[in-house]
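Observations on chain architecture
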Amino acid sequence: MLIQNDQDYENDEKMIVAMLVEIHNFVERTLTKMCMANTMQAMSSAKARKPTKKSERSLACPLPPEEQQTLIEAIELAHGAEVLSAVTCRAPNNWDSLRILARGNQDSAPAIIRSLRPGDVMLHNHPDGNLQPSDADISVASLCGKSGIGFAIHDNECTEFYVVVEPFVEKTPEMLDSKEMINFISHGGKIAAKLDNFEERAGQKQLMGKIVEALNTPCHAILEGETGIGKSMAYLIPAVHYAQKNRCRVAISTNTINLQHQLVNKDLPFLASILPFSFKYCLVKGRRNYLCLRRLGEALAATDGEFLLESEEVEPFNRLVAWSETTSDGSLSDLSWVPAEPLWEKICCDKDSCPGIKCHEYNDCFFYTARRRTCEADILVVNHSLLFSDLAMRAVTSEYAQTAVIPACKAVILDEAHNLEETATRHFGFRTTAIGMQRLFGKIYQRRGRRETGTFSTIYSMLSVGRGDISPSERAALLQELSEELIPTRLEAADLSRMLFDSITTFFVDPARAAVGEHRLRIGPREEKRAEFETLVHHASKLRDECKRLGARMKKFARRLSNLLNDYDDDAEHFEIPLVEIGSLAGRLDEVGSGLNLLFDREAANRELYVHFFTTNIRKSGTYTAFHSLPIVVAQPMLDYCFKKIPCTILVSGTLTTARNFNFIKNRLGLDNEELEPTPAEGRFPSPFDYQKQARLFVPTDIPDPASPMFVEKVSAPLFDIIQASKGGALVLCTSYGHLNQFYNNLCGPLAAEGLECYKQGELERHYLLELFKEDGNAVLFATDSFWEGVDIPGSALRNLIITRLPFATPNDPVLEARNEKIKEAGGNPFRDYQLPMAAIKLKQGCGRLIRHKEDRGTIWLLDNRIVSKSYGSVFIESLPEMPVMRGKFAALVSLARKFFEE
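Report follows, based on the coordinates. Everything numeric in this text was worked out from a predicted model, so none of it was measured.

Cut-offs used in this document
- Residues numbered from 1 in each chain as written.
- Predicted model: local features only at pLDDT ≥ 70, side-chain atom pairs only at ≥ 80, totals over all residues.
- Heavy atoms only, no water.
- Helix = DSSP H or I, 4+ residues; strand = E, 2+ residues; numbered from the N terminus.
- Buried < 20%, exposed > 50% of the residue type's maximum accessible area, 1.4 Å probe, protein only.
- Lys, Arg positive; Asp, Glu negative; His and termini not counted.
- Salt bridge = Lys/Arg side-chain N within 4 Å of Asp/Glu carboxyl O.
- Polar contact = N/O pair within 3.5 Å; in protein donor to acceptor, adjacent residues only side chain to side chain.
- Contact = heavy atoms within 4.5 Å.
- Arc of directions from axis to C-beta.
- Core = buried A, V, L, I, M, F, W, Y, C linked by side-chain atoms within 4.5 Å.
- Pairing = 2+ DSSP bridges.
- Axes fitted to C-alpha atoms, helices over the stretch in contact; angles between N-to-C directions.

Next up on the list: the side chain of R696. On the secondary structure map, R696 appears in strand β20 (residues 695–700). Buried charge R696 goes without a salt bridge, the closest partner of opposite sign being E903 at 5.3 Å. Polar contacts involving the side chain of R696 include one to the main-chain carbonyl oxygen of Q692, which spans 2.8 Å. Not counting residues within four places of it along the chain, the set of residues in contact with R696 comprises Y691, G858, T859, I860, M883, P884, M886 and F900.

Below, the structure written as C-alpha cells:
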C-alpha cells in the first residue's frame, strides 16, 4: 500500500521505488548482455583459450552431489550455454537449495534480482572453462554484493567455482551482559561518576534489564516506564552496545521533535563522552528539509521569467542564498527563521526532479551527504512518520535488507509508542488532496498567461532550440507528440481533477454557507446510493483513466527520447533532469489512480478493509478538499510489515497500559497474535516520584456537564479561581479549539488584570511559546491536542494543570466510527473496548505534564465529574499514578488547593 499525500518523507518512498525499478532494469539489461556476450565469446574462442589456473578464489564444488548433478544436467539441456542459478550459503563453502533461475534468455532475467536475498549466491557457468569475470560479470557482482548476495562463476562440469563476491552469512548475535549494562546506571558506575546529582532508580534498572533481554533473545517487547524513570538512558545504553558488538544499526524512533533533540543534542553526546569505544549517531530527516544546491544554482542563473519570485519572496530568497554559502548542514533546522512554504518548495530537495548520482552537485548535496552519514551511523534517530514511511516502502518492494527510506536496522526502539496506531493508520492508507493534485499537474505542465512552466515546457523548449543530437524528423515528431498529445492530455486530466474535487465539496457542504473549519463525511452505503455519488464515480473513473493514459504516454515518450539521445552528445545531459521528472511524476499518477480506484470502485479488492471519507477545510484563504481511504484495523499490516520483518522492536512509553495491563495496545497493534514467536516481553515500571506527597487530583462535583452548551460560560469563573489558587503557573488543556478560544477570550483580560500573562496555542510557534511560558514562571497557557504530550516543564513554572474534560475522541470521526462498527460486529463493546482505553491513555499523557522532577509539586484539576459519577471512571483512576483524589463541592476543593500551595 502506498500513501498519496503532501508530506516530505513520503517523497522519499517514491524516489526509492524509482531507484529500485532502475536497478532492476539495469540488472536485466546487464544479465542479458552478460549471457549473450559470454556465450558468444565461448562459441568463438573456446578452442583457442585455455582454462585459467586455480586462484585463491577458486574452490571445489561446494554443492551436495545430487544438486551438483542437477546443475550439470541443466547445463546439458541448455546445450552448454550459460545457465543462471542460485544457492543458499549455510556456512563457508557449504551451499545448498539449488534453484535454476534462467537459461540466458531475456524473459527470465528479471526473476533473478527479485528472488535472491542476503546469504544467497548467484551462479552462472562460463562454457569455455575460463572462470575469470568479464566486465558485465563485475557489474552484476557489484550489485549483488551491495545486497549481501554472493556471485560465483563455474565450469560446465561444476567441479570448479570462482567466487567473485562472498555472500553475507548471518552471524550469531553477540549477547549483551545485563549486569554490565545496569552498572552504568548504578551507584559507582560511569554515569554516577560523571554527574553530581546522580540518582539510582530501581525502575530504570528493571526497564533496562527487560530491554537487554529483548535484544538478546531477540523478541519484541512492550514496556511502560512512567514519568521520571529515565527511559532514554535505559534503552540508549543497550542500543549503543548492541550496535557496536554486532556491527549493525539500531533505530530510535520518537513521536515528538523535543525528544529527538534531547537524544541527539544531550543524551547521545553524553554517552559518547563516557563509553570506552566510539560510535556514530545521526538524526535522520526527510529530503524536503534540505536545500537543493542544483535548484538554487538554476534559480540564480535563470534569465528573466525562467524563475519567478513573488515580490515578497525576493528578500527572503536573498537571505537563503547568503545562508547557503555558510551552512554546513543545509537543512531547515540550521536556519534561525522559517521561510514561507511556497518559496522553500522552489529550492528544496525535491524527489521529483532529483537525478541522484547523475547530478553535478551530488558530492556536495546536503541531502545525500546526510544520507551517507546515515549509512555510516550505528544509531539512527528518526520520527515515527519517517519510520512508517520506510515500513510502507518495504511493504511495496518486499526489500527488508537494504535501504528504503532509512537503512535497514536489526532492532528498532519506538519511544512514545502510544501513538503507533494513529501513525500506522496514516501510512498504510491513501490520502489525495485537491491542492496536491494541482501541484502534481503544475510540475508536469502549467500555463499562466504567456508563461509556460513544468517538465513538458522544459523539454519542448530544449527540443525547439536544437538541444540533442536528434534528426530533424524525430525532433519534429517529439515536438508534435508534446503539443498535440501530452499537453492536451495533461490539461484534460487537470480539468477532470478540478471537476471531481468541486463535486466532492458540494456533495456534503455548501462552501458559501459552511462554517470555517474542517468538515468530514464518511462514505457508506447510504452515501453511495445517492445519485450525486454516481456523478462522483463517473468523474473519478474518468480522472483515473486519464491519469493512467497520461502516465503511460509520459513513460513511452521518455523511453523514446532517451533512446534517441546519444550518450556521447554533450547536450544529452540537459535532458537528464526532465527525464527523471517524467518517470517520477508518471509514477505519482499511477498512485493517484490506485487511490481513486480504492475509494470509488465498489468492486475494488480489499475495499472493505478501509474506511473511506471526504474532508473539506473551509478557510478565509479558500476551500481545501481531500478524499481518504484509511485501514480500519492496523494490526495485520503491523504484523506483516513490522513485527514479522524486524527481529526486535521495543515499544516504550509512559502510557501503554490501561487499568494496569497491556491488553488494549497489544490487540490494536497485533502484538497479541499467536504467530509471533517468542511471545513479546512485557513490563511495567512505576515512576520514582512520590505522587502521594507531590500531587493532588481535584474533581469538583457541582459544575456543569461538559456537553452542556453553557459549559464554558459557567466554568470560566471557577477556572479563574483555580488559576488564582496557584497564582498562575497553569496549563489549561482543552479537547477542542472551540473551548480553547472561548476560555482564553473569557479569562485573558481578568487574568492580565491580576498580573498574569496569558498565552494561547497557535499565537506563536510551539517551542517559542513553551519557552516564554517557562521564563515567565507565573503565566497561564491555554492549549489543546498537541500539548497533551511532549511538554516538559520541570519546576514551579507549571504547578497547576487543568483538564477541562475527559479526552474522549470526537464521536463523528470516520475512523472511530468504522472501528466501533468492527468491534461491534466481532461481539465486542466499542465504548468499553476502544473509546474508553484510548481516552484513559490520553488522560494519563495529559496528567504526565505536571510532575517532571522529584522536587516538583502541583495540582491537577479535572473539570469533568464523570470520572467519579460514572462506573467507567474507575478505569481512568486506575490508569493514573496513585495520588490523593479529592472530590466534592468546588468551593471546598479550591480552599484545599490554596492550602496545598501555601505549605
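This paragraph deals with helix α11 (residues 314–324). Since there are 3.6 residues in each turn of an α-helix, residues three or four apart along the chain are aligned in direction. Taken together, the buried positions of α11 are occupied by P316, F317, L320, V321, W323 and S324. Down the axis of α11, the smallest arc covering the buried residues is 165°, so these residues share one side. Of the surrounding secondary structure, the elements contacted by the buried residues of α11 are α10 (293–301), α12 (341–347) and α13 (366–376).

The linkage connecting T217 with the following residue, P218, adopts the cis geometry, with an omega of -20°. In this chain, E677 is followed by P678 through a cis amide linkage whose omega measures -5°. Relative to the elements of secondary structure, P678 occurs in the loop between α23 (663–669) and β19 (681–685). At R247, a residue that is not glycine, the phi angle is positive and equals roughly 50°. With respect to the element layout, R247 can be found in the loop between α8 (231–246) and β8 (250–254). The phi dihedral of K727 falls on the positive side, at around 55°, and the residue is not glycine. Structurally, K727 is set in the loop between α25 (711–725) and β21 (730–733). Accessibility expressed as a relative area gives 59% for K727, which makes it exposed.

Here we take up the nonpolar core. Of all hydrophobic cores here, the largest spans 52 residues; its most connected members are F441, I444, M554, L561, F600 and F614. Only α16 (434–444), α17 (455–464), α18 (472–508), α20 (531–564) and α21 (576–600) provide two or more residues apiece to this core. The element best represented in this core is α18, accounting for 13 residues. Sequence-distant contacts of M554, defined by excluding residues within four places in its chain, comprise I444, F456, L486, I582, L585, A586 and L589. Core analysis: the next-biggest nonpolar cluster, separate from the first, contains 49 residues, L215, M233, L263 and I650 among them.

What follows concerns the environment of M122. Its place among the elements puts M122 in strand β4 (residues 120–125). A relative accessible area of 1% places M122 in the buried class. Sequence spacing of M122 and P167 is 45 residues, and the spatial spacing of their C-alpha atoms is 9.2 Å.

Spatially, β12-β17-β16-β15 is the arrangement adopted by the 4 strands of the open sheet, whose pairing is antiparallel. Of all the strands in the sheet, just β12 (430–433) and β15 (517–522) have a single pairing partner and so form its edges. Taking each pair of neighbouring strands and ignoring which way they run, the sheet shows an average axis angle of 20°. The pairing of β12 with strand β17 (residues 622–631) spans 4 bridges and is antiparallel. From the neighbouring strand, R431 faces β17, where its bridge partner is H628.

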